[in-house]
Amino acid sequence: MTDVMILTDGRYGQTEPKVDAPRLKKIINGRLIRDHEIIDNDVLYICNGKILNPQDCFFSSGKLPNEIIDAEGLLIAPGFIDIQINGAFGVDFSEWREEDHIKNGLDKVSKGLLNYGCTSFLPTLISSKPELYHKVLPLIKPRKGNINQGAEILGAHLEGPFIASNQYGAHDLLNVRTAPNGFSDFVDMYGLSCSSEGNDENQNIKLITVAPDVEGVLDSIKQLIKIGITVSIVAQAEEAIKRGANCITHLFNAMQQFHHRDPGIIGMLGTNYPRPYYGIICDGIHVHPNSIKIAYDSHPRGAILITDAMEAMGLPPGDYTLGDVPVRKSGKKVEVIENGKLAGSVLTMDECVRNFKKFTGCSIVEAIEAATLHPAELLGIDNVKGTLYPGADADLVFLDDDLRIVKCFIAGIEPAEDALQKRNSIWDIKNNWAPNNYDGGV
Amino acid sequence: MRLIIRKDYDAVSEHMANYIKNRIIEFNPTPDKPFVLGLPTGSSPVGVYKNFVKYYQNEELSFKNVVTFNMDEYVGLPRDHPESYHSFMWHHLFKFVDILPQNVHILNGNAENLEEECRNFEEKMKSYGGVELFLGDGHIAFNEPGSSLSSRTRAKTLAYDTILANSRFFDYNVNKVPRMALTVGVGTVMDAREVAIIITGAHKALALAKCIEEGVNHMWTVSAIQLHSNALIVCDEDATLELHVKTVKYFKSIEHVINDLVGAENVGLQGNVKRYPTPEVTPTREAFYNLPFKK
């Protein structure tokens, strides 16, 4: 099953690819997740890390595939997109340890995430001091996925520090701030290289989580959106949504509880005007499965699956830190040592999808779309990510019917077999496990 | 003309696909001498194409040295539109098999000069030495009743009925349906060395009867095969509903004679006798004299 069947035995005539020529790959016998359904009699053409239009290849360029990959009936989905992940495999994006910690850490996480079917992600920083943002943010540059470095880095997700001081979850309260000077506070905090009216196109920040009831936040939303940052909210919502915020960060967690006369932010799922997307941490621990189902049933097109994983994801149980805060991992739970609050998760993206399907009873297509199409739509990148249409990046996941990862392709290439670890149990991972360097075999 | 009658659509598709497969294998095509096949679109050949894909996947048939010419294509429809005949052929056949892109010829409905496109199409067929087998359905592409029986590849305006019938593929909006199409002519198809027609369904019964039992008539374009030296029709029982019982029995009896009396292995694919039956089948002198009616 794990062998890739390559049928280039002359059945396709003479095709002798030069070493540098881009290889055209044809994937057959796969069940594609496309057009909101499973399509089982179509083929995928991939070249140069992009999905191509097969008819163009055949009728216009007359190119023959260099390689035919037999998916043997597996489901083929776009690679998963994780928009909230604080760290993994011993790496914490919010902590500055030594010079190359973040750089090497990004590489380690990018490669390791391919094991879980996640091909694009937003490294997430929790509420931190300005100095940390100024040092770390320039390092989290968007980077295209490739076989040598792993999953694609879409940019940074900044969760805080402009969040409510009464609902800070596992963040350090000392870092939580208000923005009395409006947008210029954002500029100063994050070290944005633009003026209050400017639009800096080289922004590494793609998503910001703010609490609209914090002073100065509501007025800044428009300017944030203008410089290309998607705004996600916790706490009071209606006004923020009207100004352009279009996502709720980890629904149910760190927000006002639902009350029937004061539904608050969770009540945004019940409005008549366009409803926001909402992130769901789907480990069954952060949110009860029934709550997930209620949210999903009320607004299925808005569900976005996130891991909110912290550095212990992929590692054995023990003591770790989340930002400045010491936490303890036991089983699948991570808690702040001091007060027992939930401190992020160790959920992997593929488990998130499986759990989501189990909890909500949705179809395979809907579960996969919550991890692919919806996050891509939120970030406005659904022309290249989260779909299998021609022109999209060739980040693919081959899944069996239980939604377990069988194969993963990043930019059209599959990592070497020996680099993929078993995924049945996180206890299989030894201490200090680090994914090997993929040797870029074509 | 050979008329093969089978039980239903699936059996018809199976027979036709198998026949074409055997023809290609017997021909043993090479890159220098490919097998030139004419292909239709529509609901009739879908079963045949499914069988082709099955044969390819079972490694019984390769399309590497098969050259195809399609019968028709809409004018003005983008090539990648889901309803174009390029898309039809791609999704039903070319996607699954090992045919070479340069061996596929489909008329280009978006060419600047349609007449030149049609002329070039005919030239291309000639350059391969003509079509070896042209598969068709009861309509012969867009050659509606009244089309000349010696017509060549040309642009045709579609009948209003056809436009209405096709609107179901274009959001039921008559304005979105193409009004013209490029089509091979009846003469073009009859120039092939063999013509094979699929006719299935009770609604085609009258057409089949007119084409076989009555004269050559441009109102029933398939009747032109009466003048072709090597024609084959495969139909299902429903399509024979308007034929004389005598006709149906006659053609069924030919199959019976070939299979049971002569032996299918003694008869070639195209009905030619390969071997005269062995002496055991012919009665000996003595056996002849012992027959009951002989005195």
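This is a predicted model, so every value here is computed, not measured.

Per the secondary structure count, chain A includes 10 helices and 23 strands. When the accessible area of chain A is evaluated, it comes to approximately 17,700 Å², of which 47% is carbon and sulfur surface.

Okay, the environment of B:W220 next. Here B:W220 lies in the loop between α7 (205-213) and β10 (231-236). The spatial distance from the C-alpha of B:W220 to the C-alpha of B:G138 is 8.9 Å, given a sequence separation of 82 residues.

Between chain A and chain B, the residue contacts involve 19 residues of the former and 19 residues of the latter. In this assembly, chain A packs against chain B so that about 1,700 Å² is buried in total across both faces, 56% of it on carbon and sulfur atoms. Counting every contact that joins chain A to chain B gives two salt bridges. Remark: the boundary between chain A and chain B carries seven residue pairs in polar contact (both at pLDDT 80 or more). When residues of the side of chain A that touches chain B are assigned to their parent elements, the largest contribution, six residues, is made by helix α1 (residues 54-61) of chain A.

This next bit is on the state of the cysteines. All names here are of chain A. Tallied over the full model, the rule gives zero disulfides over all chains. In this structure C47 is not part of a disulfide, and its nearest cysteine sulfur, from C57, lies 7.1 Å away. Cysteine C352 is unpaired, with the sulfur of C282 as its nearest cysteine sulfur at 5.0 Å. Since its relative accessible area comes to 0%, C352 is described here as buried.

So, about the packing of aromatic side chains. By the definition in use, this model includes 23 aromatic pairs over all chains. Taking the centre distance of 6.2 Å and the plane angle of 55° together, the rings of A:F186 and A:Y190 count as tilted. Residue A:F186 and its partner A:Y190 are both found in helix α4 (residues 183-190); the two are separated by four residues, about one turn of the helix. Take A:F186 and A:Y190: they sit in the same class, and that class is buried. Each ring, one from B:Y250 and one from B:F251, has its centre 5.0 Å from the other, and the planes form 65°; the classification is edge-to-face. According to the relative accessible area criterion, B:F251 is buried, its value standing at 11%. An aromatic cluster is defined as three or more aromatic residues linked by ring pairs; in this entry it consists of A:Y45, A:F58, A:F59, B:W90 and B:F94. Of note, B:K33 hangs over the ring of B:F27, and the distance from its end group to the ring centre comes to 4.1 Å.

On to the UniProt feature "active site" (unreviewed entry) in chain A. Residues and elements named next belong to chain A. UniProt's feature table lists "active site" (unreviewed entry) at D308, given in the numbering used throughout. Structurally, the position occupied by D308 is in the loop between β18 (303-306) and β19 (318-322). Take D308: its relative accessible area is 8%, and that puts it in the buried class. Dropping the residues within four chain positions of it, D308 is found in contact with Q84, I85, N86, E159, H250, I281, G344 and S345. Reaching out from D308, the side chain makes a polar contact with the side chain of N86 at a distance of 2.8 Å.

Residues and elements named next belong to chain A. Counting buried positions along strand β8 (residues 80-85) yields six of six residues, so the element is predominantly enclosed. Alignment of β8 against strand β11 (residues 118-125), held across four bridges, turns out to be parallel. Pairing of I85 across the sheet is with P123, part of β11.

Residue and element names in this part refer to chain A. Judged by pairing direction, the sheet is mixed, and its four strands sit side by side in the order β5-β4-β1-β6 without closing on themselves. The sheet is open, and its two edges are formed by β5 (50-52) and β6 (67-70), each paired on a single side. Strand-to-strand twist in this sheet, taken as the mean axis angle between neighbours without regard to direction, amounts to 30°.

This part covers the sheet that holds strand β7 (residues 75-78) of chain A. All names here are of chain A. Across the sheet, five strands lie side by side as β3-β2-β7-β22-β23; this open sheet has mixed pairing. Only two strands of the sheet have a single partner each, and these edge strands are β3 (37-39) and β23 (405-409). Strand-to-strand twist of the sheet, defined as the mean angle between neighbouring strand axes without regard to direction, takes the value 30°. Note that strand β2 (residues 31-34) and β3 share three bridges and pair antiparallel. For L32, the partnering residue across the bridge sits in β3 and is I39. With respect to the sheet, helix α9 (residues 364-371) is in contact with β2, β3, β7 and β22 (396-399), its orientation differing from that of β2 by roughly 60°.

What counts as what
- Residues numbered from 1 in each chain as written.
- Chains lettered and ligands numbered in written order.
- Predicted model: local features only at pLDDT ≥ 70, side-chain atom pairs only at ≥ 80, totals over all residues.
- Heavy atoms only, no water.
- Helix = DSSP H or I, 4+ residues; strand = E, 2+ residues; numbered from the N terminus.
- Areas by Shrake-Rupley, 256 points an atom, 1.4 Å probe, with all protein chains shown as cover.
- Contact = heavy atoms within 4.5 Å.
- Buried area = accessible area lost by both parts, 1.4 Å probe.
- Salt bridge = Lys/Arg side-chain N within 4 Å of Asp/Glu carboxyl O.
- Polar contact = N/O pair within 3.5 Å; in protein donor to acceptor, adjacent residues only side chain to side chain.
- Disulfide = S-S within 2.5 Å.
- Buried < 20%, exposed > 50% of the residue type's maximum accessible area, 1.4 Å probe, protein only.
- Phe/Tyr/Trp six-rings, centres within 6.5 Å; stacked < 30°, edge-to-face > 60°.
- Lys NZ or Arg CZ within 6 Å of the ring centre and 35° of its normal.
- UniProt positions renumbered as here; feature names shortened; annotations may be inferred.
- Pairing = 2+ DSSP bridges.
- Axes fitted to C-alpha atoms, helices over the stretch in contact; angles between N-to-C directions.

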